[in-house]
Amino acid sequence: MLEYSLLYPISTSTRCAMKLDGMWKFRIDFDGIGEKEGWFAGLPGNEMIPVPASFQDFYTDKDIREFTGDVWYETDFVVPAAMKGSCVFLRFGAAAHRAAVYINGKKAGEHEGGFLPFLAAVPEEAVSGSLCKVVVKVNNELTETNIPCGCTKVLKNGKKISKPYFDFYNYSGLNRSVWLMSLPKASIFDIDLTYSVSGCDAEIGYSVRTTGDGDVSLSLFDEDGKKVAEASGSSGIIKLSDAHLWQVRDAYLYRFSVRLSSGDVLLDTYDLPVGIREVRIEGTEILINGRPVYFKGFGKHEDSDIVGRGFNIGVMKRDFELMKWIGANSFRTSHYPYDEEVYRLADREGFLIIDEVPAVGLFESLANFLDAGTGKGARSFFSKPTTPVLLKAHLRAVEEMIARDKNHPSVIAWSLMNEPETSEENCVPYFTEVFNTARELDPQKRPRTFAMEVSSSPEKCQCIHLPDFLALNRYYGWYIKGGYEISDAEIMFREEMDKWKALNLNKPFIFSEYGADTYPAEHKLPSVMWSQEYQNEVFEMLHRVFDSYDFVKGEQAWAFADFQTTEGLMRVNGNRKGIFTRERQPKEVAFLIKKRWDSLPLDYKSEKRV
Ligand code: GCB
C-alpha cells in the first residue's frame, strides 16, 4: 500500500489544491557540488526556468542539453490560511528520473521513477503563513536498476552522457505540474470502483479507504446534476437501472461524490468523474459493455518542440483533435504513464487507453529498438545480480500507476512492459510477478498485456501464456525487408501470422506498433524508403495482412507524431515514423489511414456482428 494518497488534487469544501507552476530558479550541478555547498537550503544565482517543462531544449549550449547528473529547482510559496489545521503537501506530477525535495532546507521527501506522482509533506512549522522555500534536486541518470533502463557513460573529456536502451530522448526535469495541496486530518485516501453491466442495468461496486474515523456516505449525480443514487458505508453496491453507459467515443460521466463525516460535521469530501463501463475479454474478442471493439489508434509520446516531455496542454488538445479527425478510438501511453490531464480528457472524449508502465529497455542491447525488427538474439536481461532491484522498482511503478489511473473509464488495459527480452526461460518468474501484481492491485481486473518485439516469436517467446491479449510491435517493410524487398516482407509477415494462428491461443491480438520512417518533404516516384509514397506502400501492405486474420482485433500505428530521440545514424533529428509531423500536421499516410479507419465499423471482424 502506498504511503500517500494519489487521488487527483482537487479543491472541495474540505481540501485545497493550487498549482505552483511558473518560473522557478534553476541550477545545473556541472561540478557535482550542490550537496556539499548546501544548495538544498537555497540555490546560488538567478537562472530561471519554466515548470512544467524538460530543461533540455531551452538552451543553445549542447553541454546543457546533454547534461547528465543533478539539476536543481527552487521556488517560494506561502501556505494560505485556508489550509491551516490540515495536512499540507507538495505534489509533483513527475520528476524525471529521481528527486529529493527539501522544504526550508530540510529533506521532505524523495522519489524514484520519472513518470508518476509523489507527495512531500510540508512540515507543520511551515504551515504558519510565512514564506517557505522548496528546493528539488532532480537526477536524470539512467541505470539498469530502475525503469526505463539505460546507462550513463563518461566521455574522455570527463563529461557524462546518457545512453538510453530505448528510442526516445532522455528529456528530464520537472516535466509535470507541482501542486500545493491540503487534506483534512481525517480524509478520503482512496476509492475503488468496479462495474457490472447487464443491458441497461448497472451495478457499481465501491470501496472507500479513509484515514481517521468517520462515516462514509456518497451520492451519484448525472451529467445534468441530478442525484440518481445514494449510499452509505465504506463499501457496497449501487444498483442503477437505465444507466447511461460510458461507450467508445460516446462518453458519459457521472459525478461520484464521497463524504466522510462525524455526526453532522463534514470531515472530507471528494468528487470523482465516473464512467460506467465494463471491460471483458471473451475468446478473441475485446468487449466494452458487451460490445466487440476493434482498436484503431496509435502509440504516442509526450513530446513537443521547446518543452520536450514537459506537459503541454495545447499540444494535448491538438492531439485529441487529430485523433478524432483520423477516426482513431484508442492509444497506448507508450512508453510511460502520461500526465493525468490526458486521461481526464480521454474519459471525456471516450478514447480507450492501454496504460503503459515505464518498463522499456529491458533488453541486453544498447539500443533495444534497433534490434526490434531484426530478431537479433540477445542475452537475458533477467538473471543479473541487479535484477531483484530492477523488479522492485518495476513493481513499485505498477503500483503507483494502478493507484493513480484505476478510476479512469478510458483506461481499459495495462501494458506492463515494452519489448522485453523473452526468449530465455529465466524471464518467466520476473514476468509472472509483474503480471500477478497488476491483477492483485487492480480492483477492476482489467486485461494485461506487454508489447512484444519480433524475437518474442510464436516459437521462442516464453511468456505467451501471461498476457490477456497479445500486443505485437512489428516492422515488416522497414527493419525487415524494406524498399523493393517489401514483397518478401509481406510473405514473412504472413508466415509469422500463420504460426500464431496455428498456436490457437484463443486470445485477441492487436498490433501495438508498425510503421516506416518518412521525411515529410520527401516525394519520390517510384517510391524509395523515407519518402511519403513508401510510407503509404508499407501501410497498404500491413493493412492487407491485418485484414487476413480474424483474431487481429486492433491496430495502433507507430507513431502518432515524429518525436525526438538520441542523435545517431538511424535517426534524422528524431524518429520520423510519425503519421503526423512533430508540429502536428498530417503526412500523406494520414489521409490513407483516415479513409480506412472511417470505414471500419467498431465491431470489425467480430463473430458477434449483427
Ligand atoms: C520499437 C520501440 C519504439 C521505437 C520503434 C522504432 O519497437 O518500441 O520505442 O521507437 O520501435 O521506431 O524503432
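Worth saying up front: this structure is predicted, and the values here are computed from it rather than measured.

Q: Honestly, the overall build of the protein chain in this entry has me stumped. Any pointers?
A: Per the secondary structure count, the protein chain includes 9 helices and 30 strands. Here the C-alpha radius of gyration of the protein chain, 24 Å, is about what a compact globule of 610 residues would show, namely 25 Å. Projected onto its principal axes, the C-alpha positions of the protein chain cover 70 × 70 × 45 Å. Burial analysis of the protein chain (610 residues in total) assigns 62% to the buried set. Sequence-distant contacts, at least 24 apart, represent 72% of the contacts inside the protein chain between residues at least 6 apart. Surface exposure of the protein chain reaches about 23000 Å², of which carbon and sulfur atoms provide 52%. Taking the average location of the 73 positive side-chain charges in the protein chain and that of its 88 negative ones, the two points are 1 Å from each other.

Q: When you look at the sheet that holds strand 4 (residues 70–78) in this model, what are you seeing that I'm missing?
A: Adjacent strands of a sheet pair through backbone hydrogen bonds, lying either parallel or antiparallel. A sheet is described by the order of its strands in space; here 6 strands give the open sequence 3-2-4-9-6-7, paired in antiparallel fashion. Since the sheet does not close on itself, it has two edges, and those belong to strand 3 (48–51) and strand 7 (106–112), each with one partner. Strand-to-strand twist of the sheet, defined as the mean angle between neighbouring strand axes without regard to direction, takes the value 30°. By the bridge criterion, 9 bridges tie strand 4 to strand 9 (residues 131–139) in an arrangement that is antiparallel. Bridge pairing in strand 9 places Phe-77 opposite Cys-132.

Q: Please explain the site of the ligand as it appears in this structure.
A: If you check the shell around the ligand, you find 15 residues, and the closest are Asp-167, His-335, Glu-419, Tyr-479 and Lys-577. Here Glu-513 contributes a side-chain N or O atom positioned 2.7 Å from an oxygen atom of the ligand. If the ligand stood free it would expose 320 Å²; the protein chains cover 99% of that surface. When its residues are assigned to classes, the shell around the ligand shows 6 nonpolar, 4 polar and 5 charged.

Q: It is not clear to me how the domain arrangement of the protein chain should be interpreted in this structure. Could you clarify?
A: By a frequent convention, interface size equals the accessible area lost on bringing the separate parts together. Here the protein chain is described as being made up of domain 1 (16–183), domain 2 (188–277) and domain 3 (290–599). Distance between the C-alpha centres of domain 2 and domain 3: 34 Å. With 19 residues of domain 2 in contact, the opposing surface of domain 3 contributes 22 residues. Between domain 2 and domain 3, the buried area comes to about 1600 Å², and carbon and sulfur atoms account for 50% of it. The largest share of the area that domain 2 buries against domain 3 comes from Trp-246, Arg-249 and Arg-277, three residues that together contribute 38% of it. At the boundary of domain 2 and domain 3, one finds 4 salt bridges. Residue Lys-406 pairs with Asp-192 through a salt bridge whose shortest N-O separation is 2.7 Å. Inspection of the region where domain 2 meets domain 3 yields 11 residue pairs in polar contact (both at pLDDT 80 or more). Of all the secondary-structure elements, those providing two or more residues to the side of domain 2 that touches domain 3 are strand 13 (187–198) and strand 19 (265–274).

Q: What's the story with the side chain of Lys-296 in this structure? I'm lost.
A: Along the polypeptide, Lys-296 turns up in strand 23 (residues 295–299). Beyond its immediate sequence surroundings of up to four residues, Lys-296 is in contact with Gly-327, Ala-328, Asn-329, Ser-330, Glu-555, Trp-597 and Leu-600.

Cut-offs used in this document
- Residues numbered from 1 in each chain as written.
- Predicted model: local features only at pLDDT ≥ 70, side-chain atom pairs only at ≥ 80, totals over all residues.
- Heavy atoms only, no water.
- Helix = DSSP H or I, 4+ residues; strand = E, 2+ residues; numbered from the N terminus.
- Rg over C-alpha atoms; globule rule 2.2 N^0.38 Å.
- Buried < 20%, exposed > 50% of the residue type's maximum accessible area, 1.4 Å probe, protein only.
- Contact = heavy atoms within 4.5 Å.
- Areas by Shrake-Rupley, 256 points an atom, 1.4 Å probe, with all protein chains shown as cover.
- Lys, Arg positive; Asp, Glu negative; His and termini not counted.
- Charge placed at Lys NZ, Arg CZ, Asp CG, Glu CD.
- Pairing = 2+ DSSP bridges.
- Axes fitted to C-alpha atoms, helices over the stretch in contact; angles between N-to-C directions.
- Near = heavy atom within 4 Å.
- Polar contact = N/O pair within 3.5 Å; in protein donor to acceptor, adjacent residues only side chain to side chain.
- Nonpolar A, V, L, I, M, F, W, Y, C, P; charged D, E, K, R; others polar.
- Domains from an automatic or database assignment.
- Buried area = accessible area lost by both parts, 1.4 Å probe.
- Salt bridge = Lys/Arg side-chain N within 4 Å of Asp/Glu carboxyl O.

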